[in-house]
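# Structural characterization, general
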Amino acid sequence: MMAESGENCTLFHPCEPSENGENSTDRGTIVTALGDVKSTLKQTIARNAPEETTKYHPRSPLASRLSKCSKRNVSAEESLRSRRLRNSQESLSDRAETGSSTDSLKDQTEPVRNEEDFDVRPQSAITTGSPVSSLSEDESRPQGRQSVLEDHRGSGKVRLSPVRPTRTLPALKKNFVSAIKEPSNRIDRDWSDYPALTKERTGEKIHRNLSDSKLLENMGSDSGSVNSLKSIYSVLSPIKPKDVRTRSFLEGSMLGSGALLGAEELDRYFPDRRVGFYVVTWNMQGGKFHPATLNDLLLPTDSEFAQDFYVIGVQEGCPDKREWETCLQETLGPHYVMLYTASHGVLYLTVFTRRDLIWFCSEVEHATVTTRIISQIKTKGALGVTFTFFGTSFLFVTSHFTSGDTKVYDRILDYNKIIEALGLPKSLPDTNQYRSNPSDVTSKFDQVFWFGDFNFRLSVNRSDVENIMRGTAGGDMSPLLEHDQLSKEMKDGSIFKGFQEAPIHFLPTYKFDVGCDKYDTTSKQRTPSYTDRILFRSRQANDISVLRYNSCSSVKTSDHRPVIAVFQVKLRPGRDNIPLCAGQFDRSLYLG
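This is a predicted model, so every value here is computed, not measured.

Let's shift gears to the sheet that holds strand E10 (residues 544–551). Here we have 6 strands laid out as an open sheet, ordered E3-E4-E2-E1-E11-E10, and mixed in their pairing. With partners counted over all chains shown, the strands left at the sheet margins are strand E3 (336–344) and E10, one partner each. Strand-to-strand twist across the sheet, computed as the mean angle between neighbouring axes with direction ignored, equals 15°. The sheet contact formed by strand E2 (residues 309–315) and strand E4 (residues 347–354) spans 6 bridges and is antiparallel. Bridging from a neighbouring strand, Gly313 pairs with Leu349 of E4. On the sheet, helix H16 (residues 321–332) packs against strand E1 (274–283), E2, E3 and E4 and is oriented at approximately 155° with respect to E3.

Here you go:
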């Protein structure tokens, strides 16, 4: 083995002494050769040596050395450390069930940093130990941060820091109504309350149940709430707690102020307490009809407004009753619903009302009477329908009396039989039973309308009638009515006692040739007559006002002309003991 000892290095063997010079020469030669080898090796090592790199310094542990005073509590600290480690592992394994809300919030909001970032103490504190804290760095760190660190170390997944806005968010507006809700709070132009609101803005006085304006004035500066209240209370009036506190056991009676059919509700819908009725009677002669002509019959162009109720009575109706009702619904449109329909043979009676008024109608009842000797033949007789609207009871009767120019007495018998045999009302309460006559059905109701083909004629020959019609001027039909059988019998009190009829200013409605305006040109040459009439009766004087009474000359599919009448009827508040129809109507007909 070779050894190096500086520049004067000597190689010798213990068994070979250097006695002569020969050996010395050989020894010098060997030393020189060894020196050359040494330099060659150094150069070779220098050429093959890699570039100088930074030496690896192992990182000192995070846990600091415990001070001498803390060595006594090593066992307690170890148990505390194991307990915290176990809790951290449980929170990592099932965050949804065992993790606390505070730690979960910290885990979500605090960004994850590198391991070096958690060691914030100087190196000297790590190597020498900190006398201030008796716990390790991991133990003194909050539990949420330990969970994040352990999760980061153990899972190996990179957790992204939460996204933060790049700019400052705009301040929340005072009007916090969302864009979705704002359009729903607007008032549609076609809504019924909109014209009233327009009149109120222009200063025109209108009826209002409760003072909505005072309520809105007391509201704060929240424009969103104010706008919402305006849209809500334009339809429904607000209810104040003090109004609720004034409750009484008289609710539902005439003296109560909160009845569903009471005075407040009545004044809300009908400030003048009057409702409109449109009554039609028509003998269809059992034939077809043209649906296009129903517009002229129900919706004449010279009328300013449509009415609240439409009551149509038909004699000798068309074979398909459902087709007739469908055409009526299509003519009146979606603003109206069929409250009730009834039939008695070829007698049809149909009642339509506005959709928003159906909630104040009672249950509807009907009854029939046959005036023929053989009851199975239902071509002559009567059909009655009754209901209560608010506190006013109505009776509508359509009838077809015995025909013939000279059978006046038979027609009077038909009338007497009907008023005695028409079994109404059935379950509806009588609004004034002290003024009712059991032998007269018309005395049991506040307002009665009786219409139909009464078959009363003009008791004069046809030529005289034609001459009178040619001499009439300005719609004055009084010369003709002097010969009218019905007018004469009513004056005598033998029929329709207590009933009235509006003045007649139209030509006789019977008998025409179908499809033209000529009276009967057949061999029978029947005398033109006012067979189709509309009469009315009221318990209180001046409760019924007649706005229109005329015939519809444009409907020519029958030998009779339809007759229409428009009435305004006074209403009275009702009680809550009236059984309501609960908004029921013929939905299948309405949906068509």
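So much for the structure itself; the text now carries on.
Throughout the structure, instances matching the rule amount to 22 salt bridges. Here Lys488 ties to Asp492 by a salt bridge, and the two come within 3.5 Å at their closest N and O atoms. Taken together, the residues span about one helical turn, with Lys488 and Asp492 both in helix H20 (residues 485–492) at a distance of 4 residues. Residue Asp492 is classed as exposed on the basis of its relative accessible area, which comes to 52%.

What follows deals with unusual backbone geometry. A cis amide bond links Leu424 to the next residue, Pro425, at an omega of -5°. With respect to the element layout, Pro425 can be found in the loop between helix H17 (408–421) and strand E8 (447–453). That bond from Tyr510 to Lys511 is cis: its omega, 0°, falls within 30 degrees of zero. Mapping Lys511 onto the fold places it in the loop between H20 and strand E9 (532–538). The backbone of Asn455 shows a phi angle near 65°, a positive value even though the residue is not glycine. You can see Asn455 is positioned in the loop between E8 and helix H18 (462–471). Of the residues examined, Asn455 reaches a relative accessible area of 3% and is grouped as buried.

With that settled, the discussion passes to the nonpolar core. One finds Phe277, Phe387, Phe389, Phe394, Phe396, Phe449 and Phe567 to be the most contacted residues of the largest nonpolar core, which totals 52 residues. Excluding residues within four positions of it along the chain, Phe387 makes contact with Phe277, Phe309, Leu339, Val351, Ser362, Glu363, Val364, Thr392, Ser393, Phe394, Phe396 and Leu428.

With that settled, the discussion passes to the sheet that holds strand E5 (residues 365–370). Taken in spatial order, the 5 strands line up as E5-E6-E7-E8-E9 in an open sheet, and their pairing is mixed. Looking at the sheet topology across the chains shown, the edges are occupied by E5 and E9. On average, each strand axis in the sheet is inclined to that of its neighbour by 15°, with strand direction left out of account. The sheet contact formed by strand E7 (residues 392–400) and E8 spans 7 bridges and is parallel.

Criteria and cut-off values
Residues numbered from 1 in each chain as written. Predicted model: local features only at pLDDT ≥ 70, side-chain atom pairs only at ≥ 80, totals over all residues. Heavy atoms only, no water. Pairing = 2+ DSSP bridges. Helix = DSSP H or I, 4+ residues; strand = E, 2+ residues; numbered from the N terminus. Axes fitted to C-alpha atoms, helices over the stretch in contact; angles between N-to-C directions. Contact = heavy atoms within 4.5 Å. Salt bridge = Lys/Arg side-chain N within 4 Å of Asp/Glu carboxyl O. Buried < 20%, exposed > 50% of the residue type's maximum accessible area, 1.4 Å probe, protein only. Core = buried A, V, L, I, M, F, W, Y, C linked by side-chain atoms within 4.5 Å.

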